[in-house]
Amino acid sequence: MKKSFASTRLSLATLIAWLMLTPPASAQVDLTGTWARVGQSDNGYSREPVDLLGMPLSADGRAKAVSYDIAALSVTERQCQMYPPVYALVGPFPLQISMEPDPVTQRLLAVKIAGWGDRAETMIWMDGRPHPSKYAPHSHSGFTTGAWEGDTLTAVTTHFKMGDIKRHRGFSSDRATMTYRFYRHGDMLTVTGILEDPVYLAEPYVLTEIFRLTTNPNSFPLTACEPIEELPHLHEHPEIVPHYLPGKHPAMNEVTQRYNIPLEAVLGGPETMYPEYRRKLKDTYTPPPPQPPGRGGGAQ
Amino acid sequence: MTRVACVVLVAAFALGARVHGQQRAGGAPQPPRSPRAAAPIDLTGYWVSIVTQDWRWRMVTPGKGDYQGIQMTPEARKIADSWDPAKDEAAGEQCRSYGAPALMSVPGRLHITWQDDNTLKVEMDTGMQTRLLQFGSPQPSSNASRSWQGISVAQWQTPRPTVPLLLRPAARSSETAPVRPTGGSLRVVTTNLRAGYLRKNGVPYSENAVLTEYWDLSKLADGDQWLTITTQVDDPQYLRGPRLVAPLFKKEPNNARWDPTPCSARW
């Protein structure tokens, strides 16, 4: 018993000595845990189907957005389609982050963001592996590599499939790149996402979202999706591809009618992100009538 | 016991050698560097707001009663429901929506410079406001005069200098060069505020609100620089929980688009 105690002290002293001798390595913060979305911006919220406010869409991106009919997601083969990487910022779920060590060396192999219902998991490879050839197959989650810059984790995703980037409003193509920056400040995690797309965006689309570390995530478990008969007429007529012809979207003017915001702004474009655009609206915009009591004043 | 003492002695000697080596490499102990000299990131220059979020509440003045996304107390709602820009103008309070808790979300441009070695000056062209972020200042006394921009105490936050990576063979070698972490962020806490609006249409914050911010930089491969300001407003009087947003800015090469405009209660 006495010998065992001495042995423990020896092991402890050896560990302390070894730690003292270990040279400094790159600084990192621990991102593991479940991070609940704060959701106080309008990232995941929009009442009107045609609301492209502040989205730097190209002409092609705008045409794609206003031809989209959300019923397309009810087609049997698309019901279980996952969203693209930007969904991590605009979706309704928490981020469940874990570290995946190499089983042999214990070096950090990847940072994993768990999947959720309609979002595939993201493996942020930290071992220096290169991105695949541009001809490599694309997936819904894409291929992601990461690196620490001080206490900030930077990750870059390529090779992801086309998908809608803001709750069925606007799309990213399969040539897009997503760069994330993860900033941890205490129990707060701010993620900045920079989406670049030569097809559907004229300038980078940059979003932020704030998450809080939680021990009581109350999140829905990941469940396997199973197609069902959502819209009978699509089931009966599988040849139908839901869409709207140019200029025919029935909700095109909803934002203008409700908030007095000109259609030109509603349809997005890079110029609408800059302060100058505000001055452009100054002489024509009038605030809408007062909202009825009880609207707003809560989380989105 | 002898072996334990021996191991600890070796460790102490090794640590002493390291400290000695660091002192020898850097020469005589240096006086602490000023916040300006010690800045881990360079925030100076011109920055433009990029409004990709909350466009409907930032780029135009929302209608009365549109409080979507803000967790207000009933008292706050009552005040917001009585919002009257004409009254604010008559009282000379056109700048109520340009106070520090709201300013970084107002579309405009920032010009950030060092006023002196301890003070970052942040000017905003929209509303012609100036924030002074003071390093190392004591908390303001309760009788200090209140203002739209309040008193801001700043502090650099830098990565920890060492994080041992256990079981990493390369790290065990005594010849491995130390990795010096780079980067960091700026933490700013602002108090002594004059009561104002979080949103242009009269959503209030009280003079007891506390604003906590983290300023972080991203430098992309193409040279673009982005500034993310994680913003937390705590105001138990008017908010049911912390207000958390993270406005974005992109760096500009010069002041070509700098356009000072006065506060407006209506626009």
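Before reading on, note that the structure itself is shown above.
Residues numbered from 1 in each chain as written. Chains lettered and ligands numbered in written order. Predicted model: local features only at pLDDT ≥ 70, side-chain atom pairs only at ≥ 80, totals over all residues.

So, on to the overall build of chain A. Of the regular secondary structure elements, chain A holds seven helices and 11 strands. The buried share among the 300 residues of chain A stands at 36%. Taking as baseline every contact in chain A between residues at least 6 positions apart, the subset at least 24 positions apart corresponds to 60%. (Helix = DSSP H or I, 4+ residues; strand = E, 2+ residues; numbered from the N terminus. Buried ≥ 20, exposed ≤ 12 C-beta atoms within 10 Å, placed from the backbone. Contact = placed C-beta atoms within 7 Å.)

Attention now goes to the overall build of chain B. A tally of regular secondary structure across chain B gives six helices and 12 strands. Here chain B holds 267 residues, and the buried ones make up 43% of them. For chain B, the share of sequence-separated contacts (at least 6 apart) that also reach a separation of at least 24 residues comes to 66%.

All names here are of chain B. Turning to helix H3 (residues 74-81), its buried residues number three or more, namely Ala76, Arg77 and Ala80. Viewed along the axis of H3, the buried residues span an arc of 100°, placing them on a single side of the element. In H3, those exposed residues whose orientation departs by more than 90 degrees from the buried face are Pro74, Glu75 and Lys78. Check the buried side of H3 and you find it contacts strand S8 (203-205). (Arc of directions from axis to C-beta.)

Looking now at the environment of B:Tyr205. Residue and element names in this part refer to chain B. Along the chain, the position of tyrosine 205 falls in strand S8. Judged by local crowding, tyrosine 205 falls into the buried class, with 28 C-beta atoms found within 10 Å. Along the primary structure tyrosine 205 and arginine 146 are separated by 59 residues, whereas in three dimensions their C-alpha atoms are 14 Å apart. If we ignore the near neighbours within four places in the chain, the residues touching tyrosine 205 are Pro101, Ala195, Gly196, Leu198, Val233, Asp235 and Tyr238.

What follows is about helix H2 (residues 59-66) of chain A. Residue and element names in this part refer to chain A. Buried within H2 we find Gly61, Ala65 and Val66. Viewed end-on, H2 has its buried residues packed into an arc of 120°, placing them on one side of the element. Each element contacted by the buried residues of H2 is listed here: strand S8 (171-172).

A separate point is the pairing of strand S1 (residues 33-37) of chain A. Inspection of the sheet shows S1(A) paired to strand S2 (residues 95-101) of chain A by three bridges, in the antiparallel sense. Its bridge partner lying in S2(A), A:Gly33 is registered against A:Ile97. (Pairing = 2+ DSSP bridges.)

What follows covers unusual backbone geometry. Residue and element names in this part refer to chain A. One non-glycine residue with positive phi stands out, namely glutamine 106, at about 65°. Tracing the backbone through its elements, the reader meets glutamine 106 in the loop between S2 and strand S3 (108-113). We classify glutamine 106 as exposed; it has 12 C-beta atoms within 10 Å.

Here we come to the environment of A:Pro242. Turning to its location among the elements, A:Pro242 is positioned in the loop between helix H4 (232-236) and helix H5 (254-259). A:Pro242 sits 171 residues away from A:Ala71 along the chain, and the two C-alpha atoms are 6.0 Å apart.

Read around the closed barrel, the nine strands follow the order S1-S2-S3-S4-S5-S6-S9-S10-S11 (chain A); overall the barrel is mixed. Neighbour-to-neighbour, the strand axes of the sheet open up by a mean angle of 30°, direction not taken into account. (Axes fitted to C-alpha atoms, helices over the stretch in contact; angles between N-to-C directions.)

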